[in-house]
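As a plain string of letters, each chain reads:
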Protein chains: 2
Amino acid sequence: AAFVRDSLRSDGLIFRQLFDTSGSSTYTYLLGCPITKEAVLIDPVKEMVERDIAVVDGLGLKLKYAINTHCHADHITGTGDLKKKIPGLKSVISKASLARADMFVEHGDVISFGADSSSINLEVRATPGHTDGCVSYVCDNMVFTGDALLIRGCGRTDFQGGSSEKLFESVRNQLFVLPDETLVYPAHDYQGRTMSTIAEEKALNPRLGVAKTKEEFVEIMNNLKLDYPKQIDKALPANLKCGIDD
Amino acid sequence: AAFVRDSLRSDGLIFRQLFDTSGSSTYTYLLGCPITKEAVLIDPVKEMVERDIAVVDGLGLKLKYAINTHCHADHITGTGDLKKKIPGLKSVISKASLARADMFVEHGDVISFGADSSSINLEVRATPGHTDGCVSYVCDNMVFTGDALLIRGCGRTDFQGGSSEKLFESVRNQLFVLPDETLVYPAHDYQGRTMSTIAEEKALNPRLGVAKTKEEFVEIMNNLKLDYPKQIDKALPANLKCGIDD
Ligand SMILES: [Fe+2]
Ligand SMILES: [Fe+2]
């Protein structure tokens, strides 16, 4: 059998998954064009910016965009610090997030980078419910779901304009409609799992799997009794300003 | 551009990278055959066995082998607990490790599983130097290097029969001879990076990159002044017995 996987490939995409070792268990994703060396980071974390820049530099890449899936409440985004260190870098977030950034995206927009012959396209899908401004990014056979869809779970819906009803509709109508073999790359996993697939989440997600009704999902979310997030009072105001104190 | 990456593919390999969230930053790798559902785990961690079994079960896989790259000093292997929970599972380690296991491998051996038409083969390469019993496993375009070659680093060589000279020879003659695009999957990364390539390590590894001589490498390793490993007095005796107290 011929296997082709995540790699530095002359004919494809440079792709790296990076884990926040500083405490928030956030996954940051690096996507780069092997021809033009243009690259983007999805959900960079402030504490990991030096690591991210070393990885980017090692691969000979030039960062064009630092993109957030949503205004995070559990860590401070690295976009502000990346902008300070990389002149010309543009921060990107959804318009609906109400956060500060250089570029705002909405459902249906496409973020493109790389050479014409191998253009890399991130299709923006609005997936509100964890926050009202959450988006997911679809790139070929991968989807970066932020906190809308996690591996065997989902983000909480009890603050930041969260809505269990909206999250159910987002996951069912925007994510579960993707091909079964689509690779799911979330913003977090707290058990050290690195990826899932749409097929797996449809079958195995205990909250959002296809066996669950909207009413059952809302009931589950209403009964989570979660603690107030540790970082929210620091992270939210900072992330509304692109992670920069000013 | 058509990208094909880590996935649950009908024509290929089921592959998952799993991270130890309990403290040792160990990567465990799951490889499975989509036809027969036979699977193996490389470097499972005792504390993560429940997680690993849930991932294996979720994908409908049956574990055949639990394989170690070496007798670890920083965590207790999960092979013993896996054997208790999965009748018929065989533990595997190198003969040179002097550890207990059901099956012993040596340089040049091949561990095979899966259907005839898509047999998955792990080629064993002796890569001593971090320990005298370290092996790496080559599977198609991937190499699982244990602590012989880490991302921009390597395992220490100052105990467990370690030898900087041997490690240099192992990395240069057994790993750097693999195709440049080979994906490097180490047993650990402490900065949250998930993979590298042979090309990158040849160019960028500050200790073992091709610009370094053996003498320079030995000098670097002699001057690391590392602390005594926290877990070694507990982990080593346990791992010599397959991770089981008896
Ligand atoms: Fe969030
Ligand atoms: Fe080790």
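Keep in mind the model is a prediction, meaning the values are calculated, not measured. (Residues numbered from 1 in each chain as written. Chains lettered and ligands numbered in written order. Predicted model: local features only at pLDDT ≥ 70, side-chain atom pairs only at ≥ 80, totals over all residues. Heavy atoms only, no water.)

*Asks:* Any chance you could explain the overall build of chain A here in plain terms?
*Replies:* Secondary structure summary: chain A contains six helices and twelve strands in total. For chain A, the spread of C-alpha atoms along the three principal axes comes to 55 × 50 × 30 Å. Relative to its 246 residues, chain A shows a buried fraction of 61%. If you take every contact in chain A between residues at least 6 apart in sequence, the share linking residues at least 24 apart comes to 63%. When the accessible area of chain A is evaluated, it comes to approximately 9,300 Å², of which 51% is carbon and sulfur surface. Seen as two clouds, the 28 positive and the 34 negative side-chain charges of chain A have centres 2 Å apart. (Helix = DSSP H or I, 4+ residues; strand = E, 2+ residues; numbered from the N terminus. Buried < 20%, exposed > 50% of the residue type's maximum accessible area, 1.4 Å probe, protein only. Contact = heavy atoms within 4.5 Å. Areas by Shrake-Rupley, 256 points an atom, 1.4 Å probe, with all protein chains shown as cover. Lys, Arg positive; Asp, Glu negative; His and termini not counted. Charge placed at Lys NZ, Arg CZ, Asp CG, Glu CD.)

*Asks:* Just checking my understanding: could you explain helix α1 (residues 49–58) of chain B for this structure?
*Replies:* Because each turn of an α-helix spans 3.6 residues, side chains separated by three or four positions end up pointing in the same direction. By the burial criterion, the buried members of α1(B) are B:Val49, B:Arg51, B:Asp52, B:Ile53, B:Val55 and B:Val56. The inward-facing, buried residues of α1(B) abut β1 (14–19), β2 (27–32), β3 (38–42), β4 (62–67) and α2 (79–85) of chain B.

*Asks:* Is there a simple way to think about the environment of A:Ile42 in this case?
*Replies:* Residue and element names in this part refer to chain A. Among the structural elements, isoleucine 42 can be located in strand β3 (residues 38–42). When the C-alpha positions of isoleucine 42 and asparagine 68 are compared, they lie 5.7 Å apart, and in sequence the two are 26 residues distant. Sequence-distant contacts of isoleucine 42, that is, excluding residues within four places in its chain, are made with Tyr27, Thr28, Tyr29, Leu31, Ile67, Thr69, Leu122 and Phe144.

*Asks:* Can you walk me through the environment of B:Asn222 in this structure?
*Replies:* As for its placement among the helices and strands, B:Asn222 is situated in helix α5 (residues 214–222). When the C-alpha atoms of B:Asn222 and B:Leu178 are compared, they prove to be 27 Å apart, with 44 residues separating the residues in sequence.

*Asks:* Where do I start with the sheet that holds strand β10 (residues 142–146) of chain A in this structure?
*Replies:* Sheets are built from strands paired through backbone hydrogen bonds, the pairs being either parallel or antiparallel. All names here are of chain A. Overall, mixed pairing links the six strands, which are arranged β7-β8-β9-β10-β11-β12 in an open sheet. The open sheet has two edge strands, β7 (110–113) and β12 (196–197), and neither has a second partner. Across four bridges, strand β8 (residues 120–126) lies against strand β9 (residues 135–139) in antiparallel orientation. From the neighbouring strand, alanine 126 faces β9, where its bridge partner is valine 135. This element, helix α3 (residues 164–175), spans β8, β9 and β10 of the sheet and lies at about 140 degrees to β8. (Pairing = 2+ DSSP bridges. Axes fitted to C-alpha atoms, helices over the stretch in contact; angles between N-to-C directions.)

*Asks:* How do you make sense of the nonpolar core when you look at a structure like this?
*Replies:* Across soluble globular proteins, you tend to see nonpolar side chains buried next to one another. In terms of nonpolar packing, the biggest core is built from 54 residues, with A:Leu31, A:Leu122, A:Phe144, B:Leu31, B:Leu122 and B:Phe144 touching the most fellow members. When neighbours within four sequence positions are excluded, B:Leu122 is seen to be in contact with B:Leu31, B:Val40, B:Ile42, B:Ile67, B:Asp109, B:Val110, B:Ile111, B:Phe113, B:Tyr137, B:Val138 and B:Cys139. (Core = buried A, V, L, I, M, F, W, Y, C linked by side-chain atoms within 4.5 Å.)

*Asks:* Quick question: what am I supposed to make of the sheet that holds β4(B) here?
*Replies:* Residues and elements named next belong to chain B. Reading across the sheet, the six strands line up as β1-β2-β3-β4-β5-β6 and stay open at both edges, with mixed pairing between neighbours. Pairing within the sheet leaves two strands with one partner each, and these edge strands are β1 and β6 (103–105). Sheet twist, expressed as the mean angle between neighbouring strand axes with direction ignored, is 20 degrees. With five bridges connecting them, β3 and β4 associate as parallel partners. Across the sheet, the residue bridging to leucine 41 is alanine 66, located in β4. Set on the sheet, α1 makes contact with β1, β2, β3 and β4; between it and β1 the angle comes to about 160 degrees.

*Asks:* Before we go on, may I ask you to explain the packing of helix α3 (residues 164–175) of chain B against α5(B) in this structure?
*Replies:* When two helices pack together, their arrangement is given by the angle between their axes and by how far apart the axes lie. Residues and elements named next belong to chain B. Axis separation between α3 and α5 bottoms out at 9 Å; the angle between their running directions is 130 degrees. Here α3 is positioned oblique relative to α5, judged by the angle of their axes. Where α3 crosses over α5, the handedness of that crossing is right-handed. Contacts from Ser164, Glu165, Leu167, Phe168 and Glu169 in α3 reach Lys214, Phe217, Val218 and Met221 in α5. Grouping the constituent residues of the contact of α3 with α5 by class yields five nonpolar, one polar and three charged. (Parallel < 35°, antiparallel > 145°, perpendicular 65-115°, else oblique. Left-handed = near helix turned anticlockwise from the far one by under 90°. Nonpolar A, V, L, I, M, F, W, Y, C, P; charged D, E, K, R; others polar.)

*Asks:* When you look at the coordination of the iron ion (ligand 1) in this model, what are you seeing that I'm missing?
*Replies:* Note on metal sites: the ideal angle is 109.5 degrees for four tetrahedral donors, and 90 or 180 degrees for six octahedral donors. Residue and element names in this part refer to chain A. Taken together, the protein ligands of the iron ion (ligand 1) are His70 (NE2), His130 (NE2) and Asp147 (OD), with distances of 2.1 to 2.3 Å. Mapped onto the sequence, the residues coordinating the iron ion (ligand 1) show the spacing H-x59-H-x16-D. Remark: aspartate 147 occurs in the loop between β10 and α3 and histidine 70 occurs in the loop between β4 (62–67) and α2 (79–85); sequence separation between them is 77 residues. Of the residues examined, histidine 70 reaches a relative accessible area of 1% and is grouped as buried. (Donors = N, O, S within 2.8 Å, 3.2 Å for Na, K, Ca; no water.)

*Asks:* For this particular structure, what's the right way to read the pattern of salt bridges?
*Replies:* Any two side chains of opposite charge can pair, given that their charged atoms come close. Summed over all chains, the structure comprises 30 salt bridges over all chains. One connected set of salt bridges, linked through shared partners, spans A:Arg16, B:Arg152, B:Glu200 and B:Glu201. (Salt bridge = Lys/Arg side-chain N within 4 Å of Asp/Glu carboxyl O.)

*Asks:* Explanation requested: the side chain of A:Thr197 in the structure shown.
*Replies:* Residues and elements named next belong to chain A. You can see threonine 197 is positioned in strand β12. For threonine 197, a relative accessible area of 0% puts it in the buried group. At a separation of 3.1 Å, a polar atom in the side chain of threonine 197 contacts the main-chain amide nitrogen of glutamate 200. (Polar contact = N/O pair within 3.5 Å; in protein donor to acceptor, adjacent residues only side chain to side chain.)

*Asks:* Sorry if this is basic, but what is going on with the state of the cysteines here?
*Replies:* Think of a disulfide as a covalent bridge from one cysteine sulfur atom to another cysteine sulfur atom. Residue and element names in this part refer to chain A. Following the criterion strictly, the structure yields zero disulfides over all chains and no others. With no disulfide of its own, cysteine 139 has cysteine 33 as its nearest cysteine by sulfur position, at a separation of 11 Å. With relative accessibility at 1%, the residue cysteine 139 sits in the buried group. (Disulfide = S-S within 2.5 Å.)

*Asks:* I would appreciate a short explanation of the side chain of B:Asp20 in the present structure.
*Replies:* Checked against the element boundaries, B:Asp20 lands in the loop between β1 and β2. Polar side-chain contacts of B:Asp20 include one of 2.6 Å to the backbone nitrogen of B:Ser22.

*Asks:* Is there a simple way to explain unusual backbone geometry in this structure?
*Replies:* Outside of glycine, negative phi angles account for most residues, and trans bonds account for most peptide bonds. Even without a glycine there, the phi angle at A:Lys37 is positive, about 70 degrees. Relative to the helices and strands, A:Lys37 resides in the loop between β2 (27–32) and β3. For A:Lys37, a relative accessible area of 30% corresponds to the partly exposed category. Notably, B:Lys225 is not glycine yet its phi reads approximately 50 degrees, a positive angle. Along the chain, B:Lys225 turns up in the loop between α5 and α6 (232–240).

In short, the description is geometric, and any link to function would need to be established separately.
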